[in-house]
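Structural overview
Chain residues, written in single-letter form:
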Amino acid sequence: MKVLGIEGTAHTISAGIVDEKNILSNSSSTYIPQTGGIHPREAAIHHADNIIPVMKKAFDKCGLSPDQIDLVAFSMGPGLGPCLRVVATAARAFSIKYGIPLIGVNHPLGHVEIGRKLSGARDPIMLYISGGNTQVIAHEGDSYRVLGETMDIGLGNLLDKFARDIDIPFPGGPRIEEFASKGDKLLDLPYSVKGMDTSFSGIYTAAMSYIKKESIENICYSLQETTFAMLVEVLERALYYTDKKEILLAGGVARNDRLRSMVSEMARSSGYTAHLTDKKYCMDNGAMIAQAGMLMYLSGQRQDIMDTRVNQRFRIDEVKVPWINSSNLAISNNKGAEALISESQFYSRAIITKQRLEKEYRNPVLDHRIRMERMKNEFNILFRMKSCGINVPIVYDFNRYDFSITMQRLDGITLNRSIHEGNNYMEYIRELGKIIGEMHNLLIAHGDLNPNNIIIAGNNIYLIDPSMGKLNCEIEDMADDLFLLTESFKSLYPNTDELENNFIDSYKKTSHNYEKVMDVLSSIRQRRRYV
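Residues numbered from 1 in each chain as written. Predicted model: local features only at pLDDT ≥ 70, side-chain atom pairs only at ≥ 80, totals over all residues. Heavy atoms only, no water.

Pairing within the open sheet is antiparallel, and its 3 strands lie in the order 17-19-20. At either end of the open sheet lies a strand with only one pairing partner, and these are strand 17 (413-414) and strand 20 (460-463). Of the pairings in the sheet, the one linking strand 19 (residues 454-457) to strand 20 comprises 4 bridges and is antiparallel in character. Residue pairing across strands places Ala457 opposite Asn460, the latter belonging to strand 20. (Pairing = 2+ DSSP bridges. Helix = DSSP H or I, 4+ residues; strand = E, 2+ residues; numbered from the N terminus.)

Applying the stated criterion across every chain, the model contains 9 aromatic pairs. Here Phe94 and Tyr98 contribute two aromatic rings whose centre-to-centre distance is 4.7 Å and whose plane-to-plane angle is 40°, an arrangement assigned as tilted. Of the two residues, Phe94 and Tyr98 both sit in helix 2 (residues 81-98), 4 residues apart, roughly one turn of that helix. Exposure remark for Phe94: the relative accessible area of 7% places this residue in the buried category. By relative accessible area, which is 31% here, Tyr98 ends up partly exposed. Clustering of aromatic rings is evident, with ring pairs tying together Phe59, Phe94 and Tyr98. One Lys or Arg, Arg302, reaches over the ring of Tyr297 and ends 3.6 Å from the middle of that ring. One cation-aromatic arrangement involves Arg371 over Phe403; the distance from NZ or CZ to the ring centre is 3.9 Å. (Phe/Tyr/Trp six-rings, centres within 6.5 Å; stacked < 30°, edge-to-face > 60°. Buried < 20%, exposed > 50% of the residue type's maximum accessible area, 1.4 Å probe, protein only. Lys NZ or Arg CZ within 6 Å of the ring centre and 35° of its normal.)

The sheet built from 5 strands is open, its strands ordered 8-7-6-11-12 with mixed pairing. The sheet terminates laterally at strand 8 (143-149) and strand 12 (273-276), the two strands that pair on one side only. Sheet twist, expressed as the mean angle between neighbouring strand axes with direction ignored, is 25°. Pairing of strand 6 (residues 125-129) with strand 7 (residues 134-140) involves 4 bridges; the strand directions are antiparallel. (Axes fitted to C-alpha atoms, helices over the stretch in contact; angles between N-to-C directions.)

Once that is clear, we can look at helix 1 (residues 40-62). A rise of 1.5 Å per residue sets the reference length of helix 1, with its 23 residues, at 33 Å; its end C-alpha atoms lie 31 Å apart and thus fit the reference within 8%. In the structure, helix 1 departs most strongly from a straight axis at Asn50, where the bend amounts to approximately 45° and where the proline Pro53 lies between one and four residues downstream. Restricting attention to buried positions, one finds in helix 1 the residues Ala43, Ala44, His46, His47, Ile51, Val54, Met55, Ala58 and Phe59. At its buried positions, helix 1 is contacted by strand 1 (3-7), strand 2 (12-18), strand 3 (23-30) and helix 2. Of the residues flanking the end of helix 1, it is Gly63, one or two places downstream, whose phi is positive at about 75°. (Expected span 1.5 Å × (residues − 1). Bend = angle between axes of the 7 residues up to and from the residue. Contact = heavy atoms within 4.5 Å.)

Right, let's talk about the environment of Cys83 for a bit. Relative to the helices and strands, Cys83 resides in helix 2. Among the residues examined, Cys83 registers a relative accessible area of 0% and is labelled buried. Measuring from C-alpha to C-alpha, the distance between Cys83 and Asp317 comes to 22 Å, with 234 residues separating the pair along the chain. Not counting residues within four places of it along the chain, the set of residues in contact with Cys83 comprises Gly8, Thr9, Ala10, Pro40, Ala43, Ala44 and His47.

Given 3.6 residues per helical turn, the α-helix brings residues three or four places apart onto the same face. Here helix 2 spans 26 Å end to end across 18 residues, near enough to the 26 Å set by a 1.5 Å rise per residue. Immediately beyond the C-terminal end of helix 2, within one or two residues, lies Gly99, with a positive phi of roughly 65°.

Note on placement: His11 falls in the loop between strand 1 and strand 2. A polar side-chain atom of His11 sits 2.7 Å from a polar atom in the side chain of Thr12. Leave out the neighbours within four places in its chain, and His11 touches Ser29, Thr30, Tyr31, Ile38, His46, His47, Phe170, Met283 and Asp284. (Polar contact = N/O pair within 3.5 Å; in protein donor to acceptor, adjacent residues only side chain to side chain.)

What follows concerns empty space enclosed by the protein. All chains considered together, the criterion is met by 3 cavities of 30 Å³ or more. A volume near 170 Å³ is recorded for the largest cavity. Considering the residues around the largest cavity, the lining is formed by 16 residues, among which Leu147, Met196, Asn450, Leu484 and Ser488 are closest to the centre. Only strand 8 and helix 13 (475-492) provide two or more residues apiece to the lining of the largest cavity. (1 Å grid on protein atoms, 1.4 Å probe; cavity = no way out; pocket = protein on both sides within 12 Å on 5 of 7 lines; lining within 4 Å. Points joined across faces, edges and corners; volume = space filled by probe spheres on them.)

Right, dumping it as structure tokens:
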């Protein structure tokens, strides 16, 4: 089967041709604005002017003619509306002229599937980083699930925006990487990780504040070290939450050598296999759209022209992906993303010692700061929760020299396991809503609220690992807790609405700030680049 793929979601118009085994050809043309970022209508004009030459070049490279194509696929979204419409129009015209099937493809799915084709990865956790998207993705059931993503802007957008503001021409990523390779001083930038989600807008503001104080080399160095460490951390956390053994790095930002080395180092030290998409195919390209379209078609999916309207906010978790036989999402018991857990006795009491591990992929100064801050924060929040009557483990010892906390061992199971096993979990969900409402009334935010940080022991619910939480928290922090929990419902379970509705109904009955929290939660959900 020979498939033509046409890509044109943003700055690049590209055509690629693939069959079941090989990439037969790929040809691209990139719009480079004279000033500022991408201007959607100017990019669309560029695409309209170049789509025929690009397609002709793709056919010339592989020696095929248009009437030898069995399927035409195009990027249906997410992306810039004017650009998407140019590509959709060209694909429809090609389909009608040659009487062949047409299929619209989710753009991130293309990045993932070309990476799997080239690397041989079978069922990986994927770190997908581009201009508009920054996501950690895993397959379960018959679709990809987004386990974590940016809560505001994509990392690629951050780098391009920073580059524009210091007069680096588009695309800014390669020049930032070049400057960063000459830096050696780590500047203090926000390290904003919330569960498996990230936030980059505050990092941009902080980086700009150094412009007249520090060298551009050190600012770029710090930008990369901080943001990349955030992403590798959430990637490792996603691996901890699942039983996946492979990593796939994809998307335009995945061309960065420092990021590739950090992902490889994390994989090596943790016993995983890292697959890094060939740099040539990290950038937007037609071959990736052809590959995803072929897999969709071979799995039985069909579309007529009326089904191919472009969708600027098309999410990868809306696409059926039955061609992967994935493992169920699970959880390890003795080692988390950040800590090694050991069991012992303390004056005849069952205890665990949680030691925060050094991460070799992180800058040593940054690593020391994060481990110390989170250990202190966890100790303080557990102490406050316990004193306020919230069920948490009793803390017995805090050792700042080996980054460890000793605490009560809870004889129970995670809420995640309870839900998967069907053990009257809806009753626990309702009780959890009440507990979180009471916790927020005390101005305490957990910071990483998900079903794996909630323990069912006997008939009691315990909260664990609030190391990223806050005391004297604000409404935004409370909304973040609800966002993280409800998003984890979406990524882990099929009955998302039932879980969320029961939790929220119970939370409403106890929270003093319910209306304000829900308003901010709605705002958080709308902030992300592609919702």
